Amino acid sequence: MRKILKSREINSFLFLAGLIFLVGLINPSFWKPVTIINCFNDSVVFTFLSAGIAFVILTGEIDVSIGAVLGLSAAVGATLLRDGYGVATALFAAVFIGTVVGVINGIGVAVLNIPSLIFTLGVNGVVRGIIYVYTKGAWVENLPADFTLMSNRFLTKNVTLFYGAAVLVVIIGHVILTRTRKGKYFVAVGDNSAGAALVGIPANKIKILAYVLCGIFSSVAGMIYASRIGFITPTAGNGYEMKAIAACVLGGLSLTGGVGSLAGASIGAVIMSSISRILVFLGFSSDYDNTITGFLLLTIVVINTSAQNHTVRKNRHEILLARTAQKGGEKT
Amino acid sequence: MKISFSPRLKQVWKKWEFVLTLIILLEIIIFALKNSKFLMPRVLFGSMNDIISICIISLFVTFVMITGGIDIQAGSIVGLSSIILGVAWQDFGFNIWSASCLAMVAAGVCGGISGFFIAYCGVQPMVVTLGGSFLYTGIGLLVSKLSATESYKGIGGFPEGFLRLSKYRLFGIIPFQVIIFLILAVLAYILLHKTRYGREVFLVGVNQNAAEYSGINTRLIIMSTYVLSAVSASVAGIILTSYLGTAKSDIGATLTLPIITAVVLGGTLSTGGKGSVPGTALAAVAIGTLRFGLPLCFKVSQQYLDIPVGILLLVIIIGRALLNRPGLRVKTVIRGRIPHK
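Residues numbered from 1 in each chain as written. Chains lettered and ligands numbered in written order. Predicted model: local features only at pLDDT ≥ 70, side-chain atom pairs only at ≥ 80, totals over all residues. Heavy atoms only, no water.

Q: Which residues make up the overall build of chain B, and what values do they have?
A: When helices and strands are counted, chain B shows 16 helices and two strands. When each of the 341 residues of chain B is scored for burial, the buried share is 52%. Looking at chain B alone, contacts between residues at least 24 apart form 76% of all its contacts between residues at least 6 apart. When the accessible area of chain B is evaluated, it comes to approximately 15800 Å², of which 66% is carbon and sulfur surface. (Helix = DSSP H or I, 4+ residues; strand = E, 2+ residues; numbered from the N terminus. Buried < 20%, exposed > 50% of the residue type's maximum accessible area, 1.4 Å probe, protein only. Contact = heavy atoms within 4.5 Å. Areas by Shrake-Rupley, 256 points an atom, 1.4 Å probe, with all protein chains shown as cover.)

As C-alpha cells, then:
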C-alpha cells in the first residue's frame, strides 16, 4: 500500500485530482462530468506526444524533433487526404515519416554517440525546413469532412474515439514496459546504459527502438492534430516538443532516465493541456497559461528533487546510525 | 605523401577554431563569386543586424554549457527584457536608459532564480530552464498587459538616442551593434580564458566534486553562469528592441535553437568541461553568414533557412563523431556494445 502511494504516477494522478477538486471548489460548474472528461479528451494530441517521448526519456535521452515530426506528418497526411487518398494511406505515410526520423535520431544518438539534445536539435531544423519546402509555406486546407468529423466521434457517451484509442495504447505500452522482460530493458538502459550493456541488454538497439516508437507516436499525434484542427500551417507543432517534455516531467518522469512510466506521462499530458481550460473556469484570461505552466513545473520539480535529496540523506544517516549501534553492541 | 608542418602550425591546424574560420572564408568566397554585392562592407556588416542577438547570447551560454548545464530560457528572457524596457519607459515614465538598466536587472534576477534551483536544489538544468522559458514568456505577456498599448502592436516611438544604438555606424560602415558584440566577445574571452573565475568554470564542468574539494564554491559558480547568460540575453533584447523600434514580449521566441546550435558548433561539449569563446563567436558568425548569404546569393527563401543550418549542424557533429572514433562499425554498435570513447 505504501509502495503504491509512493509511486510517481499515483502522485501526479493525485495532483490532477486535487487540481480538479480545488477548481471545483472555486467554480462548482467545473465539477460536471462532461467538463472533466473534456479535459481528458482535449489532451489527446499531447497524450500521444508525451507517451512517445516517454520511451526516449525513460532510456535517458531526449528528443526535441517531435514537434517538427508532428508538423510534417500532419502536413503530408493532410495533403494526401485532400488529394483524395484514404485515411489508411495517409496514416501509413505519416507513420512512415515518423519511423524514418526515429531511425535517423536513433542512429545518431545510439550509434554515433552524439548528445541527444544536439542531434535531435539538428534534425528538428531539417524536418521543420522540409515542412516549408513541402507545403511551399502555404496552409493545407479543405480536408475531407469525414476525416475532420472523426475527431467528434464518440466511443462511449462522452469519451471521444481518439482519446479511447490513446488510453488503450498507453495501457498496452505501460503493461509492456512494466510487465514484460523486453519492456523492462527500457528502464534498465535509462538507469545505467553501460551497466545494461554489460549484463547483455542490447542497449543501443533499445535506444534506437525508443526513438522509432517516439517518431511513430508523434506522427500519429500529427494525424489526430490534423483531424482536430482541420487545417495545417507550416508552423504546426512548433514548441510542442517543449510542452511534451514538460508534461512528462509533470507526470513524474526523470530526465536523467530510468524513472517514471507511460501512464505518468499521459497524466502529465492531461495536467499540461487542462491548464488553459482551468484558467477559464477560475476567471483568469488564458494569458496566464505559460506563467502557470512554468510555475507549476518549477515548483513540482524543485519540491520533488528536494524531497529526494532529503530521503537520500536520511537513509545515509540511518545506515550510519545502524552501523554505530552494531559496533556499540559488540562492545557490551 | 607526407606533409610536415612545423609543430606550431600543426597545432593551429588541429584547432576547431581554424576549421570554423575556413568554413566562414569558404562561405564568403562562394557567396561573393555568386553575387559580388555580398562583399560590399555595408551589406556584409548590415547582415550582422539580424543575427547579433544570437551572437551575443551564445557567447555567454557557452559559460553555462562548459559547467555541464544548458540554458533554453535565454530566448524568453530576450522578450521579457524587451517588454520590461518598453513598459517601464512608456507607462511608468522611466528614462530610456534607466529602463534598460531595469530590464537588465530583472533579467539577472530571472537568471539567478533559475541558477539557484539548478545549483542549490540540484534540479536538472534542462528542466529548470524549460520551466523558466514558460514562466518568463508568461511573465512577459503579463507585463505587456500593464501597458496601455495592445500587446500585439508592440510599444514603439522610442527616442532618437535609443534608436541610434542600432542605427549608428562607426566610420559610416561598422554598425554599433557589431562593436558591442566585439566588446562583449573580448570581455567574455578574458573572463573565461584569462581569469581565475574562468578556470573555475572549466573545473566545475570537468568534475564538480573535485572542484568542490579544491575549495571552489561550485554552486555559486554554476548560478553565476546562468545570471551571466540571462543578462547577455537582456542586452540582446535591448539591442533588438532598438533595431526593430518596437518592444514586444515575443521577439525572442525563435532564438533558442540557433543559440544552442551556435554554441555546439563552436566546439563546446554539452557534457561540460570543454569549449571556447572564440569558437562560439566564429560559429555564430558562420551561421549568420549562411543565413544571410543564401537568400541574397541563391534566392533561398527565408523560411527554408532551417534546413541548411540544421544540415550544417548535423554534418559537423556527425563528422566529429566519426573522426573521433575511426574504428566505429555500425553493426557492432547496433548489437549493443558500447564503443570505447
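Following the structure, the description resumes.
Q: Can you tell me about unusual backbone geometry, naming the residues and giving the values?
A: All names here are of chain A. Phi at Asn-113 is positive, roughly 65°, even though this residue is not glycine. Take Asn-113: it is sitting in the loop between helix H6 (87–111) and helix H7 (116–135). A relative accessible area of 30% means that Asn-113 is categorised as partly exposed.

Q: Can you tell me about the domain arrangement of chain A, naming the residues and giving the values?
A: Residues and elements named next belong to chain A. By the assigned domains, chain A splits into domain 1 (6–284) and domain 2 (289–332). Taking only C-alpha atoms into account, the centre of domain 1 sits 32 Å from that of domain 2. The partner domain 2 presents nine residues to the nine residues of domain 1 that form the contact. Taking both sides of the interface into account, the surface hidden between domain 1 and domain 2 amounts to around 910 Å²; carbon and sulfur atoms contribute 75%. Applying the counting rule to domain 1 against domain 2 returns zero salt bridges. (Domains from an automatic or database assignment. Buried area = accessible area lost by both parts, 1.4 Å probe. Salt bridge = Lys/Arg side-chain N within 4 Å of Asp/Glu carboxyl O.)

Q: Quick one: what's the story with the nonpolar core, residue by residue and with numbers?
A: Core analysis: the biggest nonpolar cluster contains 198 residues, and Ile-232 and Ile-245 of chain A together with Ile-57 of chain B have the highest contact counts within it. For this core, the element with the highest residue contribution is helix H4 (residues 48–66) of chain B, accounting for 14 residues. No fewer than three residues from each of domain 1 (6–284) and domain 2 (289–332) of chain A sit in this core. Those residues in contact with Ile-232 of chain A that sit more than four places away from it in its chain are Gly-71, Ala-74, Ala-75, Ala-78, Ala-138, Trp-139, Val-140, Tyr-225 and Ala-226 of chain A. (Core = buried A, V, L, I, M, F, W, Y, C linked by side-chain atoms within 4.5 Å.)

Q: Report on the environment of Ser-254 of chain A, specifying residues and quantitative values.
A: Residue placement: Ser-254 of chain A occurs in the loop between helix H13 (240–250) and helix H14 (262–282). Accessibility expressed as a relative area gives 13% for Ser-254 of chain A, which makes it buried. Apart from the residues lying within four places of it in its own chain, the contact partners of Ser-254 of chain A are Ile-57 and Val-259 of chain A together with Gln-124 of chain B.

Q: Report on the state of the cysteines, specifying residues and quantitative values.
A: Counted under the stated rule, the structure contains zero disulfides over all chains. The closest cysteine sulfur to the non-disulfide-bonded Cys-214 of chain A is located on Cys-248 of chain A, 9.0 Å from its own sulfur. Of all cysteine sulfurs in the structure, the one in Cys-110 of chain B sits closest to Cys-121 of chain B, which takes part in no disulfide; the separation is 17 Å. Cys-121 of chain B sits in the buried class, given a relative accessible area of 13%. (Disulfide = S-S within 2.5 Å.)

Q: Can you break down the packing of aromatic side chains residue by residue, with the values?
A: Residue and element names in this part refer to chain A. Taken as a whole, this structure holds 10 aromatic pairs over all chains when the rule is applied. Between Phe-55 and Phe-217, the aromatic rings sit 5.6 Å apart at their centres with planes inclined by 65°, giving edge-to-face as the arrangement. Linking Phe-55 in helix H4 (residues 44–58) with Phe-217 in helix H12 (residues 203–229), this pair joins segments that are 162 residues apart in sequence. Of the two residues, Phe-55 and Phe-217, neither departs from the other in class, the shared state being buried. Taking the centre distance of 5.0 Å and the plane angle of 10° together, the rings of Trp-139 and Phe-231 count as stacked. One end of the pair, Trp-139, is in the loop between H7 and helix H8 (145–148); the other, Phe-231, is in the loop between H12 and H13, and 92 residues separate them in sequence. Taking relative accessible area as the criterion, Trp-139 reaches 46% and is therefore assigned partly exposed. (Phe/Tyr/Trp six-rings, centres within 6.5 Å; stacked < 30°, edge-to-face > 60°.)

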